[in-house]
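Coordinate analysis (summary)
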Amino acid sequence: MYVDNSATSPLNPQVLDAMIPYLKEEYGNASTLYFLGIKAKRALQKARHQVAQLINAEDDEIIFTSGGTESDNTAIKSIVLKQLKHKTPENPKNHIITTQIEHPAVLNTCKFLEEYGYEITYLPVDKDGLINLKQLENAINEQTILITIMHSNNEIGTIQPTKQIGEIAHKYNIPFHSDAVQSVGKIPVDVKEQNIDILSLSAHKINGPKGIGALYVKKGLTLPPLIHGGGQENSKRSGTENIPAIVGLGKAAEIAHENLEKTMKHNQQIRDALIEKITTQIPDSYINGSLKHRLPNNVHIRFSGIEGESLILKLAQKGVYAATGSACSTHNLQGSHVLAALQIKPALSHGSLRLSIGPENRLEDVDYIVDAIVETVEYLREISPLWDN
Amino acid sequence: MYVDNSATSPLNPQVLDAMIPYLKEEYGNASTLYFLGIKAKRALQKARHQVAQLINAEDDEIIFTSGGTESDNTAIKSIVLKQLKHKTPENPKNHIITTQIEHPAVLNTCKFLEEYGYEITYLPVDKDGLINLKQLENAINEQTILITIMHSNNEIGTIQPTKQIGEIAHKYNIPFHSDAVQSVGKIPVDVKEQNIDILSLSAHKINGPKGIGALYVKKGLTLPPLIHGGGQENSKRSGTENIPAIVGLGKAAEIAHENLEKTMKHNQQIRDALIEKITTQIPDSYINGSLKHRLPNNVHIRFSGIEGESLILKLAQKGVYAATGSACSTHNLQGSHVLAALQIKPALSHGSLRLSIGPENRLEDVDYIVDAIVETVEYLREISPLWDN
Amino acid sequence: MDYTQKVIENYTNPQNTGVIEDADGEGTVGNPVCGDIMTIYIKVDENENIEDIKFSTFGCGAAIATSSMITQMAKGINIDEAYEITRNDVAEELGGLPAVKLHCSNLAADALQKAIENYKKERN
Ligand SMILES: Cc1ncc(COP(=O)(O)O)c(C=O)c1O
Ligand SMILES: Cc1ncc(COP(=O)(O)O)c(C=O)c1O
Ligand code: FES
Ligand code: FES
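Residues numbered from 1 in each chain as written. Chains lettered and ligands numbered in written order. Predicted model: local features only at pLDDT ≥ 70, side-chain atom pairs only at ≥ 80, totals over all residues. Heavy atoms only, no water.

- As named in an unreviewed UniProt entry, chain C is Iron-sulfur cluster assembly scaffold protein, taken from Methanosphaera cuniculi.

Here's what the structure looks like:
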């Protein structure tokens, strides 16, 4: 039972079917003149439209990238490069506002910029994981060139008030970038209504292929590219177009768009059942992050007295595949920066479990999953010096 | 008959077979703890080894990227970022040496840097398309931070003397980057013997998948990443690993490595037959670029009195798929910068044709291709005002 | 490197878990970075051999595996010999540990040494 869909999600067989012709006979380079190239170009256009529809953008506002990470990097670094040309000693144009709970793709890009003299405001969040709009507005100054705040969080699933964030940004004429990698296909994402100027998304989180994503850039906002070359993507992102993957992203976007209502209901039913059963059956278990402003497919629970990795490994033995915090955090041993921002002590945050639901999960599986978790937590607490049996 | 393998090449069915499990059941994120993640990590290691073998590198000198363009951008921009920290008013560390005939991925990255105060030396080439080593050495100054010279040219197939270039670079302690996208799998590429510090390659030019490539960075040379995030690729290139494509690149590299001798012979036979027959059957036809220092799979011919696009489209009608100049140059209407560097007049360079051979081409097909070209050139010359029939 | 088969066996099915209520020695170590904590309990016979040993651990797979491994290595041997067991010995016995875990969760040898020191102090 795979409940780690926020880390990556299985490719929808319909999506693979759509890709296969482009992996086989339709191998043309979209830049070439003859029919293979023309077919590739048409496939590209169709996919661009499918992605645009999903977030209520225009087709030519979509740039294909190699994934969410590249999209986030492009958004931030392109703004920086653009402003470099306008900077003066009096106006260094070197301030960016973000939050403490961003994905590493945003956070580490910001940290990198700090090494080169940029000032970053990392907004704190409240115990629910939400930023404070007053604090955001207060953080803005004359040198602020970008506000980058994620649409929803990849660990605890908290949804930020993008509409209001965008309003504040626009009051001060600052572009607003939102990393919507976890939101797209899970909740309504509408760049117009939610006042988003730049948005990142990634295919492999919505049952599309890995290695492909998109960046939405609002018409009128021209940004220098992060990757220069042959002039593909209207010179906004060069490199031979990855047609099979682009077709896959398009198809995944189309499916996600068509099924959004259904998906939300499906996910929420399972989520609520999991939360209800786990918290009632396991003493000293607590939900991390807002219950109200939360992705319908995210369950994030901490259990006192135990540690996350051993929990995950034991659960995997029982056939339940889940995550501790973010998929990325296994690269480093520090506790989750998101839970730290929620003021949860390291010893407690380490006992956290993320279940992220996908279309393949079924309501009938909830009891099996809950039983596996209950047994495992009980076992680990038995051998834990921090738990009073 | 597809003779446009330098633009992009069909996926080898064996490569697709190797990828399919990772497009289906093995969808794990390499960062996760349970078995799906472990399998992904193993696949990653294997592919890294396969790629390293192809260019005589160590496994941990290989960084996976989204393609040749990203590899080129990373090589150049990372050196720039690294040197930014060492720059002083007296030592701006702002000089890069390249050639006039690079791929746009290198050329446009350099032009972009010029906007930000970088000085670029674009070395000329002789009528064969080769740089002059004396000129290279003379161009080096105290501020030179990088020499980036392609291994072989994507239009005319000319192979540069990388070994000697590397010797000169190292004499002055300057890193040497080489864009080997067209060389890898076609001729021996050996980073150690050829004195290369940083090298770009791309899968879709060697019958691997699109959207994946690699950057070789010599051990000991640490470069800041172009794309920051979750710390994948040993923190040198973040982003969820594109396992299916990486597996595909690995397999394509393995096949290319095993068959190199055979491939070279196969390509050269076809190339030489094409050149011989075309130049003897068509008056006023000339080979562009060195015959001696040339990729075995490249034929590049110009015909006076005709224009390339009409040639390509007519040939396509006869089932012969070829290119005029570089695949990328169809994005802009300017004549080829490579042929311009060879001092070929625009009117002449426009009548150029590139045939690039792949494993699917057969010696028996040469006559069909030649006949199609002869007929087409004759027809176009008949209706050309520039040709005296 | 990934977890070895030996590591996996030891966290899947750890040996000697639990508490010895009337222990002769007890040692607890913790790592401040992420809060791993492990306690080792020993029971020592008249020849100063370790006749029983148990552990409780709050920590990752590696933390549990190293705890389990050291209890097996120390059981039945003399306390002076047991005192000489190093973190490296434990890691080696497990067929190696991932680099990031080597210095972090490999605390069992320290906990055992503390337990032995505690035993000696109590006895004096
Ligand atoms: C919120 C968020 N942003 C960015 C990313 C990075 O996307 P990708 O894996 O496509 O590079 C992820 C997933 O890892 C994510 O969850
Ligand atoms: C010499 C050379 N460098 C770089 C590239 C770019 O590689 P990619 O298409 O993988 O981005 C190409 C091909 O287009 C090339 O021929
Ligand atoms: S629990 Fe953190 S390293 Fe073991
Ligand atoms: S001690 Fe826990 S991370 Fe190392």
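That was the structure; now back to the text.
**Comments concerning the overall build of chain C**
- Check the secondary structure of chain C and you find 6 helices and 3 strands.
- Shown N-terminal to C-terminal, the secondary structure of chain C runs as helices and strands in the order α-β-β-β-α-α-α-α-α.
- Compactness check: chain C gives a C-alpha radius of gyration of 13 Å against a globular reference of 14 Å for 124 residues, within 12% of the reference.
- With respect to the three principal axes, the spread of C-alpha positions in chain C is 45 × 25 × 25 Å.
- Relative to its 124 residues, chain C shows a buried fraction of 53%.
- Contacts in chain C between residues at least 24 apart in sequence constitute 62% of all its contacts with a sequence separation of at least 6.
- Roughly 5,400 Å² of accessible area belongs to chain C as shown, and the carbon and sulfur atoms make up 45% of that amount.
- Of the charged side chains in chain C, 10 are positive and 21 negative; the average position of the first set lies 4 Å away from that of the second. (Helix = DSSP H or I, 4+ residues; strand = E, 2+ residues; numbered from the N terminus. Rg over C-alpha atoms; globule rule 2.2 N^0.38 Å. Buried < 20%, exposed > 50% of the residue type's maximum accessible area, 1.4 Å probe, protein only. Contact = heavy atoms within 4.5 Å. Areas by Shrake-Rupley, 256 points an atom, 1.4 Å probe, with all protein chains shown as cover. Lys, Arg positive; Asp, Glu negative; His and termini not counted. Charge placed at Lys NZ, Arg CZ, Asp CG, Glu CD.)

**Digging into the sheet that holds strand β2 (residues 37-44) of chain C**
Residue and element names in this part refer to chain C.
- Pairing in this open sheet of 3 strands is antiparallel, and the strands run β1-β2-β3 from one edge to the other. Of all strands in the sheet, those bounded by a partner on one side alone are β1 (25-30) and β3 (50-58). Across the sheet, the mean angle from the axis of one strand to that of its neighbour is 15 degrees, orientation sign disregarded.
- As paired strands, β2 and β3 are joined by 8 bridges and run antiparallel to one another. From the neighbouring strand, T39 faces β3, where its bridge partner is S56.
- Relative to β3, helix α2 (residues 61-74) is tilted by about 175 degrees, and along the sheet it contacts β2 and β3.
- Most of the contacts of helix α6 (residues 108-123) go to β1, to which it runs at about 145 degrees, and overall it touches β1, β2 and β3. (Pairing = 2+ DSSP bridges. Axes fitted to C-alpha atoms, helices over the stretch in contact; angles between N-to-C directions.)

**Examining the relation of the copies chain A and chain B**
- For the pair chain A and chain B, the relating rotation is 180 degrees, the translation along its axis is 0.0 Å, and the fit reaches an RMSD of 0.1 Å. Viewed as a symmetry operation, the transformation between the two copies matches a two-fold axis. Taking C-alpha positions as reference, the residue of chain A nearest the rotation axis is S66 of chain A, located at 3.1 Å.
- By residue overlap, the copies meet face to face through one surface: 100% of the interface positions of chain A are interface positions in chain B. (Least-squares fit on C-alpha atoms with pLDDT ≥ 70 in both.)

**With respect to the packing of aromatic side chains**
Residues and elements named next belong to chain A.
- Using the criterion set out here, one finds 5 aromatic pairs over all chains in the structure.
- Aromatic side chains F112 and Y116 sit 5.1 Å apart centroid to centroid with 55 degrees between the ring planes, which places their arrangement in the tilted category.
- Judged by relative accessible area, which is 23%, Y116 ranks as partly exposed.
- It is K77 that lies over the ring of F112; its NZ or CZ is 5.1 Å from the centre. (Phe/Tyr/Trp six-rings, centres within 6.5 Å; stacked < 30°, edge-to-face > 60°. Lys NZ or Arg CZ within 6 Å of the ring centre and 35° of its normal.)

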